[in-house]
Amino acid sequence: MSFIVKQPRSNGRIHLFLAESYRVESKAYPVQKRTYLGVLDSAATELLLARNANEPSPEVIKLLQDKGISFSGRRFSRKELRIDKLDKAIKSSSCLEIGRIALLEHLALKSGLLASLNASFGAEDARRIFAAAAYECCEGGALCRLQDWIEDTSLHEEAMALSASSVTRLCQSAGANLSGRNDFFREWFKASGNPRALVSDTTSISSYAEKLSLVEWGYNRDQDSLPQVNLNMVYSRETHTPLYYRLIFGSVPDVCTLTATSKTISELGLKTYNFSLDRGFFSVENLLHFHDAKLGYTIGAPMGNNKEAGRLFERNKQKLRSFKSAVVYDNMTLNHVSDTYRIVKQGKHGERTKVVKTTAHIYLNKCRRAQQEKDLVKLLHGIMKEFSRHTFTEFEEAEAWLETMAGNGKKCLFNVRKNRENAKNPDERYVASADGGFQIGVAERAYVSAVKHFGVFMILNSDPSADGEQTLRDNRSRDCQEKVFDILKNSTGNDRLRASGDTSAEGRLFIAFIAVTLHKLLENKLRQGECLGTVTINKALDLMRKIRVGVFTDGTRIPYEIPLKVRKLLENIAPDLLESITGKKPVPRRRDKKSVVTSNK
């Protein structure tokens, strides 16, 4: 016995099943088997066959006709689902927020970000990625709540289905599409004008996941006792926006990532550029790679355990103390000298030693040097004073106490010995313990070696014509990259990597990259409109939240009133967006004229 079963769902659709009832010898009651056919159309008169279902037999078509349901061969598609959802949304009156979505979409269109997404992932997936990134930029919450947020915004009218499972599939799709992400970076490089001045840095993102191959134990920047994945990001100092990122195994140090990053962005379209790097990327191999590829760079050189840096400092320390070397940069007084730095790679197995020369800029901050030495002296005197209050029975006990108080780094600055004369103060350089059995003093040579490089730092610049101020400005521009990492972890809610697989992790971080880019685009717009000093990013988004529109049952849209503060903000950063929302041209700002007072005398 066969018959048709209608099963309505919570989304308003009616699904059709073919039910077949038959008996089984081992069971007392009939058994029913159901076969999924498809759904009813919006008029509930025609079967829309499921995409993977077979054509119904004449017997099934006869059963459908008995139920008043026709079949013309049409199959169910997502397009019709979106149309039906849109009809359902329009039929119900609602008040939707349009301000933040309109502003972020306006910035994405102007910068070419949205066009790059469309060209790489297609219009539908690009729109879904943009919606997820806009949610992270505005709310910074978990992506599983994205659908609830969409219901209150203008994205609701697009009938965009982004439930928790849909977002997971979107992340997996974007993460598995490596060619699509590379195409996006190519298009984004072009839209950004192929900038030359770049900053490269790496951060760590901790994760509780155990099934991710990228997650490994390594140096954690956030001091979390968790395994991590490293994220290397390239930032443009010209457009003040992120350009590129890639994920790296958590155990790989920064120094090993630069060569692959530079080769990758060259392959993706950036042929001419220069990097600004910190000391974490300093290595002979990286510097030789830049010279062989004829790429520019500024990079901080470590002073400790660097013979060449120590040699240049000893040769120029008298010049650093001279008034002639003093420069003023950003309300800060420094002493600066430049010299030639030799990059030496020792040859192996008969190979010739390779020597490359670059320019080293050496700086001395006397105020910082004095403060560092003051803090060190205060610490050493505090440890010696605390030593005089303790008693020790064994030499090993005194050594263990010193290691606990000073740590491995400062332990070498002290000398501990037994007090053979059993006097309280036999030597002014030493302090005795409470019982007089042991003495502690500062090792002079170790102290001189420790304070030797206080306040001194060195920057290597491949451009020999750059002066000390320009080199310092280029190197200090790395601070903008640290702000991007702060946005990634704190403002967009990506301080932990929560993903079930490698492809899902790649997709989630790609959405996070788009969210950070939207955040920086808004920050740049506020800076151009001279509003950043009085309006923060979060404050601007809160103001834009007040722009709303009413959608009625007949499809009528009525924009509601815009508050004065919101209108002034849009007049400064996006007057054309204000015109498109209100339909009126913004009134240009007027400058107050000085009143003229005339006398009758």
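Structure: see above.
Keep in mind that this is a model prediction, so the values were computed, not measured.

Colleague: Can you walk me through the overall build of the chain in this structure?
Modeller: Helix and strand content of the chain: 20 helices and 20 strands. On C-alpha atoms alone, the chain measures out to a radius of gyration of 34 Å, which is more than a quarter above the 25 Å that the 2.2 N^0.38 rule sets for 601 residues. Taken along its principal axes, the extent of the C-alpha atoms in the chain is 115 × 110 × 60 Å. The 601 residues of the chain split such that 46% are buried. Of all intrachain contacts in the chain linking residues separated by at least 6 positions in sequence, the fraction that spans at least 24 positions is 61%. On the chain, roughly 32700 Å² of surface is accessible, and the fraction owed to carbon and sulfur atoms is 49%. With 92 positive and 71 negative side-chain charges, the chain shows a separation of 4 Å between the mean positions of the two kinds.

Colleague: Can you walk me through the nonpolar core in this structure?
Modeller: The tendency in soluble globular proteins is for nonpolar side chains to be buried as a group. Core analysis: the biggest nonpolar cluster contains 123 residues, and Phe184, Met458 and Leu460 have the highest contact counts within it. If you tally residues by element for this core, the top one is helix α17 (residues 502–528), at 13 residues. Once residues lying within four places of it in the same chain are set aside, the contact partners of Phe184 are Leu113, Ser116, Leu117, Ser120, Phe121, Phe510, Phe513 and Ile514.

Colleague: For this particular structure, what's the right way to read unusual backbone geometry?
Modeller: Both trends apply: most residues other than glycine have a negative phi, and most peptide bonds are in trans. Of note in this structure, His240 is not a glycine but carries a positive phi near 60°. Here His240 shows up in the loop between β7 (228–236) and β8 (241–249). His240 gets classed as partly exposed once you look at its relative accessible area, which sits at 36%. Its identity as a non-glycine residue notwithstanding, Glu530 has a phi of 60°, on the positive side. Given a relative accessible area of 74%, Glu530 falls into the exposed group.

Colleague: Teacher, can you tell me more about helix α5 (residues 123–138) here?
Modeller: Along an α-helix, a turn takes 3.6 residues, which lines up residues three or four apart on a common side. Between its first and last C-alpha atoms α5 spans 22 Å; for 16 residues at 1.5 Å apiece the expected length is 22 Å, and the two agree. Of all 16 residues that make up α5, 13 are buried, and the element is covered over most of its length. Looking at the residues trailing α5, positive phi occurs at Gly140, about 70°.

Colleague: Looking at this structure, I do not really get the sheet that holds strand β20 (residues 557–559). What am I missing?
Modeller: Each strand in a sheet pairs with its neighbour through backbone hydrogen bonds, running either in the same direction (parallel) or in the opposite one (antiparallel). Spatial strand order, β5-β19-β20: 3 strands in an open sheet with antiparallel pairing. Edge strands, defined here as strands with exactly one partner in the open sheet, are β5 (94–97) and β20. Along the sheet, successive strands turn relative to each other by an average axial angle of 25°, direction set aside. Relative to strand β19 (residues 548–551), β5 runs antiparallel, the two sharing 4 bridges. Residue Glu97 lies in a different strand from β19, and its bridge partner there is Arg548.

Colleague: How should I be thinking about helix α8 (residues 178–191) in this particular structure?
Modeller: The terminal C-alpha atoms of α8 lie 20 Å apart, and with 14 residues this matches the ideal 20 Å at 1.5 Å per residue to within 8%. For α8, every residue scored as buried is listed here: Gly180, Arg181, Phe184, Phe185, Trp188 and Phe189. Where α8 is buried, its residues contact α3 (99–111), α4 (113–121), α7 (164–176), β8, α9 (258–267) and α17. Of the residues flanking the end of α8, it is Gly193, one or two places downstream, whose phi is positive at about 85°.

Colleague: Help me understand a nonpolar patch on the surface, please; the structure alone is not making it clear to me.
Modeller: On the surface, a nonpolar cluster with roughly 250 Å² of combined accessible area is contributed by Phe552, Ile558 and Tyr560. Topologically, Phe552 is positioned in the loop between β19 and β20.

Colleague: Sorry if this is basic, but what is going on with the environment of Glu139 here?
Modeller: For Glu139, the location among the structural elements is in the loop between α5 and α6 (146–150). Measuring from C-alpha to C-alpha, the distance between Glu139 and Tyr208 comes to 23 Å, with 69 residues separating the pair along the chain. Residues contacting Glu139, with those up to four places away along its chain left out, are Arg100, Trp149 and Arg545.

Colleague: Teacher, can you tell me more about the side chain of Asn286 here?
Modeller: Locating Asn286 in the fold gives a position in helix α10 (residues 284–293). Assessed through its relative accessible area of 3%, Asn286 is described here as buried. With sequence-adjacent residues up to four places away left out, Asn286 is seen in contact with Val255, Leu258, Thr259 and Phe281.

Colleague: How should I be thinking about the packing of aromatic side chains in this particular structure?
Modeller: The geometry of two aromatic rings is summed up by the distance between their centres and the angle between their planes. In this structure the tally under the stated criterion is 19 aromatic pairs. Ring geometry for Phe185 and Tyr244: centres 4.9 Å apart, planes at 70°, overall edge-to-face. Of the two residues, Phe185 sits in helix α8 while Tyr244 sits in strand β8, which places them 59 residues apart along the sequence. Judged by relative accessible area, Phe185 falls into the buried class, the value being 3%.

Colleague: How should the packing of α3 against α5 be read in this particular structure?
Modeller: Helix-helix packing: each pair is described by the crossing angle between the helix axes and the interaxial distance. Orientation of α3 relative to α5, taken along the N-to-C sense of each, is 120°, at an axis distance of 11 Å. Helix-helix and strand crossings are classified by hand; for α3 and α5 the assignment is right-handed. The segment α3 lies against α5, with Arg100, Ile101, Leu104, Glu105 and Ala108 engaging Arg127, Phe130, Ala134, Cys137 and Cys138.

Colleague: Got a minute to help me understand the environment of Ile581 in this structure?
Modeller: Structurally, Ile581 can be placed in helix α20 (residues 575–582). By relative accessible area, Ile581 is classed as buried at 14%. Residues Ile581 and Leu522, spaced 59 residues apart in sequence, show a C-alpha to C-alpha distance of 18 Å. Residues in contact with Ile581, not counting those within four places in the same chain, are Ile98, Ile547, Pro559 and Ile562.

Colleague: Help me understand the state of the cysteines in this model?
Modeller: Here, the word disulfide means a covalent bond between the sulfur atoms of two cysteines. Under the criterion given, the structure shown has 0 disulfides. We note that Cys144 lacks a disulfide partner, and the nearest cysteine sulfur, in Cys171, lies 11 Å from it.

Colleague: Explain the pairing of strand β6 (residues 197–207) to me, please; I cannot follow it from the model alone.
Modeller: Each regular strand shows side chains that alternate between the opposite faces of the sheet. Of all the 11 residues making up β6, 11 are buried; the element is thus mostly covered by neighbouring parts of the structure. The side-chain alternation of β6 yields two buried faces, one formed by Ala197, Val199, Asp201, Thr203, Ile205 and Ser207 and the other by Leu198, Ser200, Thr202, Ser204 and Ser206. Looking at chain direction, β6 and strand β9 (residues 274–277) are connected through 3 bridges and run parallel. Opposite Ala197, over in β9, you have Asn274 as the bridge partner. Where β6 lies against β7, 9 bridges are found, and the strand directions are antiparallel. Following the sheet pairing, Asp201 is matched in β7 by Met233.

Colleague: When you look at the sheet that holds strand β15 (residues 430–432) in this model, what are you seeing that I'm missing?
Modeller: Pairing in this open sheet of 3 strands is antiparallel, and the strands run β14-β16-β15 from one edge to the other. The open sheet terminates on both sides in strands that have one partner only, identified here as β14 (414–418) and β15. Strand-to-strand twist across the sheet, computed as the mean angle between neighbouring axes with direction ignored, equals 25°. As paired elements, β14 and strand β16 (residues 438–442) share 5 bridges and run antiparallel to each other. Opposite Lys418, over in β16, you have Phe438 as the bridge partner.

The rules behind these values
- Sequence order sets the numbering: in each chain, residues are counted from 1 along the sequence as written.
- Two thresholds apply to this predicted model, a pLDDT of at least 70 for residue-level local features and 80 or more for giving and counting side-chain atom pairs, whereas whole-chain, interface and lining totals are computed over all residues.
- Side-chain numbers here rest on the full set of heavy atoms in the structure, without hydrogens or water.
- Under the scheme used here, helices are H or I runs from DSSP no shorter than 4 residues and strands are E runs no shorter than 2 residues, and both carry numbers assigned from the N terminus.
- Atoms counted for the radius of gyration: C-alpha only. Globule rule: 2.2 Å times residue count to the power 0.38.
- Relative accessibility under 20% of the residue-type maximum defines a buried residue, over 50% an exposed one, and the middle range a partly exposed one, all with a 1.4 Å probe and only protein chains included.
- We call two residues contacting when some pair of their heavy atoms lies within 4.5 Å.
- Note on areas: Shrake-Rupley with a 1.4 Å probe; residue coverage comes only from the protein chains shown.
- The sign given to each residue is positive for Lys and Arg and negative for Asp and Glu; His and the chain ends receive no count.
- Working definition for charges: the position is that of NZ of Lys, CZ of Arg, CG of Asp or CD of Glu.
- We call a set of buried residues a nonpolar core when its members are Ala, Val, Leu, Ile, Met, Phe, Trp, Tyr or Cys and they connect through side-chain atoms within 4.5 Å of each other.
- The span you would expect from a helix comes to 1.5 Å times its residue count less one.
- In this description, strands pair whenever DSSP reports at least two bridges between them.
- Between the N-to-C directions of two axes lies an angle of 0 to 180 degrees, each axis being a line fitted to C-alpha atoms and, for a helix, fitted only over the stretch in contact.
- Only residues whose relative accessible area exceeds 30% and that take part in no salt bridge are eligible for patches, with like-charged residues grouped when within 9 Å of each other and nonpolar side chains (Val, Leu, Ile, Met, Phe, Trp, Tyr) grouped when within 5 Å.
- Here a salt bridge means any side-chain nitrogen of Lys or Arg lying within 4 Å of a carboxyl oxygen belonging to Asp or Glu.
- Here a Phe, Tyr or Trp ring, Trp counted by its six-membered ring, pairs with any other such ring whose centre lies within 6.5 Å, and the pair is stacked when the planes are under 30 degrees apart, edge-to-face when over 60, and tilted otherwise.
- In a left-handed crossing the near helix is turned counterclockwise from the far helix by less than a right angle, and in a right-handed crossing that turn is clockwise.
- A pair of sulfur atoms, both from cysteines and within 2.5 Å, is called a disulfide here.

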